[in-house]
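# Overview (structure and organization)
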Amino acid sequence: MANPTGWKPSMEKESGSGGTAGDVGAGGATRGLAYEEPLVFEHAASERVGASLPAVTGKVDPAKEIPAALLRGEIEGMPSLAELDVVRHFTRLSTWNHGIDTGFYPLGSCTMKYNPKSSEAAARLPGFAAAHPLLPDEMCQGSLELMFKLERALSEISGFAATTISPAAGAHGELTGVMMIRAYHLARGNARKKVLIPDTAHGTNPATAALNGYRTVEVKSGPDGRLHPEAVKAAMDEEVAAIMITNPNTLGVFESDIAAIAEIVHAKGGLVYGDGANLNALLGVARPGDMGFDVMQFNLHKTFATPHGGGGPGSGPVAVKASLVPFLPLPLVVQEGPAYRLVTDPKERPQSIGRLREFHGNMGMFVRAWALIRELGPEGLRRCAELAVLNANYVRARLRDVYHLPYETDSLHEVVFTDKLQKGADISTMDVAKRLIDHGFHPPTVYFPLVVSGALMIEPTETEAKETLDAFVAGMRAIAEQARSDPDGLHAAPQKPVRARLDEVRAARKPVLRWTPGMKVE
Ligand SMILES: *Cc1c(COP(=O)(O)O)cnc(C)c1O
């Protein structure tokens, strides 16, 4: 097939080439110096040690002074390694990782974008990074001021009255939001029984409702991928505490009837919860608070400059309308004259849902987010949304003739394809995803959202350049071509990584997470 960009798939290159200028995001995957690396326990045990401490000569023998119960015994088979062995071991392992600093990472819904290193530098300032969370207010006024200003900025960006920054992640923010919804209804005498959830929702939405004791009721989206007011109306009654909506939804489609839907829910006394994980699509352009949402969580690790992945740390601030302000969790930062104070005493906020966690949130993430918001300003934030939407639509336009697009409705910041056109050749979404690794790209999100069979969900993000998108498109097109010409080759992908296709079922069902003495690792 004609290659419109002249980009060469990485496997056509000679092995050992280190990649050349122009191989943006791909092709640099030389294997010449990618070492096979055994477990550190499998390194031949030697008499080397990683420290040189002076021999114990004084009167005090630490081994006798420390209570026996606190002394560690010998570990059978424990390798004995020099510092250099250990440093090389972990450094080599680190080269097996793919991260946003290594290449393109188009996971849909997750928003894996490049985050500026200036935010990292700010987060590491010792005044913030080394402040103990139990410092008295007067000794951490700078941190409190930053927390206060971040809460105000997030409220303004999203169109809400107030924001709590305590929650530790998006899902924790959802939990917080629905706890407040429950407290709000309880204060009116009836917690209600049900929460409405569209069929495109992220799994954390129904999980959140269930954790709060609500029964979830699924609302089907229409053939255009959108939620229709009639479907909400049919499911809505006075037992419904809330509807949880992601906008744009997880198909990347804007819920254009959101105002009408909010009106239907409000008319029966329900509240509208917004899953704000897709805020990247709206930043500086539209405000969820203006669309009828009563409460919404942010994912600072998706939208506001915290590297995402590897399990944390996250931050899921929650913004609320005035009706929910009394229920906000503690602690809260308030401004009193020129000073800032942390409200921790429930007596000051009798209707608060209470404390969510031991401390006040992940400070480093607050600093990163605040630094980004200040750096970009309103115009820069708007530009983020515009470029995120442009990039997703560029990928959509350049792939739609070779991959099936399940919804014709316009996409915002992410686009969902399927494997329907490849099914005839017995090629699945999993094969496409695995082959992308050989082309030097992290696969997109696969098999989500669940309403789309064989979904491939691509979110390029606003931080990627056109050259990277072109290289990705070329890789995806080469795979579509290979599905026709060499399907078996696709089934055997990936070929290039140190580990090829893993047995994912076994990995999920029988994970081996810990080394034990004498264990044989295959
Ligand atoms: C990521 C995501 C969540 C959950 O956020 P975490 O920070 O991973 O807990 C919820 N909803 C949607 C739509 C998401 O993409």
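Reading the values: the criteria
- Residues numbered from 1 in each chain as written.
- Predicted model: local features only at pLDDT ≥ 70, side-chain atom pairs only at ≥ 80, totals over all residues.
- Heavy atoms only, no water.
- Pairing = 2+ DSSP bridges.
- Helix = DSSP H or I, 4+ residues; strand = E, 2+ residues; numbered from the N terminus.
- Contact = heavy atoms within 4.5 Å.
- Axes fitted to C-alpha atoms, helices over the stretch in contact; angles between N-to-C directions.
- Near = heavy atom within 4 Å.
- Polar contact = N/O pair within 3.5 Å; in protein donor to acceptor, adjacent residues only side chain to side chain.
- Areas by Shrake-Rupley, 256 points an atom, 1.4 Å probe, with all protein chains shown as cover.
- Nonpolar A, V, L, I, M, F, W, Y, C, P; charged D, E, K, R; others polar.
- Buried < 20%, exposed > 50% of the residue type's maximum accessible area, 1.4 Å probe, protein only.
- Right-handed = clockwise from strand over helix to strand, strands pointing away.
- Domains from an automatic or database assignment.
- Buried area = accessible area lost by both parts, 1.4 Å probe.
- Salt bridge = Lys/Arg side-chain N within 4 Å of Asp/Glu carboxyl O.

## Some thoughts on the sheet that holds strand E12 (residues 456-458)
Note on sheets: strands pair through backbone hydrogen bonds, and any given pair is parallel or antiparallel. Taken together, 3 strands build an open sheet; the order of strands is E10-E12-E11 and the sheet is antiparallel. Each edge of the sheet is formed by a strand with only one pairing partner; in this case those strands are strand E10 (415-417) and strand E11 (445-446). Strand direction decides the pairing type here: E10 and E12, joined by 3 bridges, are antiparallel. Looking across to E12, one finds that Phe417 is bridged to Leu456. On the sheet, helix H11 (residues 363-399) packs against E10 and E12 and is oriented at approximately 25 degrees with respect to E10.

## Considerations on the site of the ligand
Residues in close proximity to the ligand include Ser109, Ala169, Gly170, Ala171, Glu174, His202, Thr204, Asp275, Ala277, Asn299, His301 and Lys302, which together make up its full environment. The separation between an oxygen atom of the ligand and a polar side-chain atom of His301 is 2.6 Å. Here the ligand has 380 Å² of accessible area as a free molecule, and 87% of this is covered by the chains. Put simply, the parts of the chain that give the shell around the ligand at least two residues each are helix H6 (170-187) and helix H10 (300-303). Here the element with the most residues in the shell around the ligand is H6; it accounts for 3 residues. Split into classes, the residues belonging to the shell around the ligand amount to 3 nonpolar, 6 polar and 3 charged.

## Focus: the pairing of strand E4 (residues 240-246)
Counting buried positions over the 7 residues of E4 gives 7, a clear majority of the element. When E4 meets strand E5 (residues 271-275), the two strands line up parallel, connected through 5 bridges. Across the sheet, residue Ile243 finds its bridge partner in E5, namely Val272. In this fold, E4 hands off to helix H9 (residues 258-267), which returns the chain to E5; that crossover is right-handed.

## Considerations on the domain arrangement of the protein chain
In terms of domains, the protein chain is made up of domain 1 (119-373) and domain 2 (383-509). On a C-alpha basis, the centroid separation for the pair domain 1 and domain 2 is 31 Å. Contacts between the two partners involve 22 residues from domain 1, matched on the other side by 18 residues from domain 2. For the pair domain 1 and domain 2, the summed buried area comes to about 1,500 Å², and 65% of that belongs to carbon and sulfur atoms. Summed over the shared surface of domain 1 and domain 2, the result is 0 salt bridges.

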